[in-house]
Structure formats: structure tokens, C-alpha cells
Amino acid sequence: MRVDGVVQGVGFRPSVYVLADELGLAGFVLNDARGVLIEIEGAATVVERFVEELPQRAPPLARIDGVTLTELEPGADPVAAISGNGATTEELIVAAPLARFEIRASPAGERADALVAPDTATCEDCLRELLDPADRRYRYPFVNCTNCGPRFTIVQGVPYDRSRTTMAHFSMCAACQAEYDDPYDRRFHAQPNACPECGPRAELILLPEAPSADWRPPFGRSSALSTQAGDVLGEEQRSAPGDALAGAAELLRAGAIVAVKGIGGYHLACRADDERAVDRLRARKHREHKPFAVLVADLDAARALVELSPAEDELLASPAHPIVLAARRPGAAGSLAT
Ligand SMILES: [Zn+2]
Ligand SMILES: [Zn+2]
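Attention here is on the structure that accompanies the text. (Residues numbered from 1 in each chain as written. Chains lettered and ligands numbered in written order. Predicted model: local features only at pLDDT ≥ 70, side-chain atom pairs only at ≥ 80, totals over all residues. Heavy atoms only, no water.)

Okay, the coordination of the zinc ion (ligand 1) next. Protein-derived coordination of the zinc ion (ligand 1) comes from Cys123 (SG), Cys126 (SG), Cys145 (SG) and Cys148 (SG), at a distance range of 2.3 to 2.4 Å. Relative to the metal, the four donor atoms surrounding the zinc ion (ligand 1) lie at angles of 103 to 120°, and the coordination shape comes out tetrahedral. Counting residues between consecutive donors of the zinc ion (ligand 1) along the chain gives the motif C-x2-C-x18-C-x2-C. A residue pair is termed long-range when its members are at least 10 positions apart, and Cys126 in helix H4 (residues 124-130) and Cys148 in the loop between H4 and helix H5 (174-181) qualify at 22 residues. Each member of the pair, Cys126 together with Cys148, is buried. (Donors = N, O, S within 2.8 Å, 3.2 Å for Na, K, Ca; no water. Tetrahedral: all angles 85-135°; square planar, octahedral: opposite > 155°, others 65-115°. Helix = DSSP H or I, 4+ residues; strand = E, 2+ residues; numbered from the N terminus. Buried < 20%, exposed > 50% of the residue type's maximum accessible area, 1.4 Å probe, protein only.)

Following this line, the structure appears as C-alpha cells:
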């Protein structure tokens, strides 16, 4: 089976594995340069059921554009037969029926044109962990799983595997590795899987003085994880002691502008209800009139500030959580700076 579409980095292989495992089928699944390749072996009726159920079992972020089926004689080379271009990889040759279903490593050295999924906002499950004091990822800003988190901004090549992302520098701890290896875990083969023990950490860097109006943050996509903020801000920066998140929140409350370095770059943040802070941000960004995005905790908070049509409502609550242009609610204008 050849599956085309957005099928890498979205938990597609785990969903294939779980379905094959449930149905007792043997074979393998792998990411290749084009998408996902599945070899499935078993009784004809069960294989049919697998083919039928596969699209319904696809994870939320997957988008299947096409499925191509090729029947194989036992012992045939699935890669050569399915890709139809004579490509072959030694270890893929099925010389004898497989005993079980497995996820295989991506074949090397192929032309890469697989689609990479966009970054996706933190999912409900991860948010729950983020806010649970008993969870090991409590207040961990880089929490993610197969259903959410960074994709496009950390990719350095396809097929999408951890070794071809900026997360390759971080070795998973035993607990993260166990999640990554467990087909029934939400983080099975989640390439950016990380925790406070083994992943990137938040640090609060204080500038020695307010930067001049022409200061620009050093933007850089691939360096976002491999470079510490201190390396790019210069020698005069100093790391603030204590909890970085609490420190940043305190600064924001006091009217400071905080450059939040995330996985994909910087967000410049300040209080939206602080006229002076917003004015300073406009001056520094040379952005006198264009609107800024306002960050809110939930839909109710958004509705208090703007009027939302059902379509805008749906967009805001969708898994992508995009920035949505909406009309200011009359009367709510006073709480937001202009
Ligand atoms: Zn998640
Ligand atoms: Zn870990």
C-alpha cells in the first residue's frame, strides 16, 4: 500500500501499527521520500478490513490524498513493485512471510518530496499535562505529542525522523524513550518528544539596559534550538536566577517587552492593555498602524474583546489555533491599547 498526502510526522505509522496489531496481521510500515509505504500480510478478508479501516483510523493531523494498492506474490520485493520505478532496498525484500507487524527505518538516499505537516497548537491532552502539578511535564513549555507541536519549523530533511530535525541534539531520557517506543502511547514515534529532564529548557535572559530603537532580535529558524539565547545576545546579557516563566510573567506585568524564543523563532510580547508598552513595541517594530495579534486564554476571553462569527469561532478553536482577524467588540475597546 502506498499512502500519499500529509502522512509523515502526524502519527500515521503508529496508527497503522496499532490497526495491524489489533487485526493480527504481519508486515511493515515505513516513511519514505514520497510518503508512507505499507506491506501487509494475512488472510484476504482481514487484509480487506485493514484497507477499509485504515483511513478512518488515521490520526487527526493526517490528510490522505491517495491510496494505491498493489498485490504481491509471497517473496516479492514490495518497494520495487509498489514504487514502480525499480527502486529497491536490500533489507525490504520479503523472502519469507513475516511473523509480526513492525515499523521500519526509512530507506536512505531517495529523492525527497514527502509533504511535511505544519506546526500545530498544543492539544487538549498536552495542555492537561502542562497544568497538572503531578505530571512530569508540569509547566514545561516544550510539551508536545504525536497530535500536536512543532513539525515544519524543526525539519531539516525528509523522511521526517528525529535525526533530521533540530531535536537530534537532544537525547531522550529513559522515560521519554519508553513513551517513544510504546505503540499504545500518545508519544509513540513523536519525533520532538521531550521533557524537562532531556529536552530544551526555558531560560530568562535580561538585557543590561533597554535596547535602542534600531535593535533587532537575531532571527534564525534552524538555529532556534541549537543556539542558546546567550550566544546571540552578546556578552553583557545575564541569565536571571529562579523560575524563568514566573520571571517573564512578572516582567510582562510590569510593562516590559519580552522576546519569547520558541521553536520556530521569536514572538515579541507585551501587555495588550498597557498603552505605553504597546507604544514602545510599535516604535521598535516600526509598525505604527498594523494590528498586533492579541493572545487570549480561551474563546470566552476572545469573545469579551471581539465579535466572532460562527466561522471565526470555529477557526479559532480548530487544532491549528490560527491568528484570526475579528471586529473589535464595541465597549470592550477600553481594555485594549491601540
Ligand atoms: Zn499534544
Ligand atoms: Zn525526557
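Moving on, we get to the sheet that holds strand S2 (residues 26-31). Taking strand neighbours across the sheet as the criterion, the five strands line up as S4-S1-S3-S2-S5 in an open arrangement whose pairing is mixed. Looking along the sheet, the strands with just one partner apiece sit at the ends: strand S4 (63-68) and strand S5 (101-103). Sheet twist, expressed as the average angle between the axes of neighbouring strands with direction ignored, equals 15°. One ladder, built from three bridges, connects S2 with S5; its direction is parallel. What sits directly across from Gly27, in S5, is Phe101. Sheet strands touched by helix H1 (residues 12-23): strand S1 (2-6), S2, strand S3 (36-41), S4 and S5. Its angle to S5, the strand with the most contacts, is close to 170°. (Pairing = 2+ DSSP bridges. Axes fitted to C-alpha atoms, helices over the stretch in contact; angles between N-to-C directions. Contact = heavy atoms within 4.5 Å.)

Counted by the stated rule, this structure contains three aromatic pairs. The interplanar angle of 65° and the centroid separation of 6.3 Å between the aromatic rings of Tyr17 and Phe101 together place this pair among those described as edge-to-face. Of this pair, Tyr17 sits in helix H1 while Phe101 sits in strand S5, and the two are 84 residues apart along the sequence. An identical accessibility class is assigned to Tyr17 and Phe101; each is buried. (Phe/Tyr/Trp six-rings, centres within 6.5 Å; stacked < 30°, edge-to-face > 60°.)

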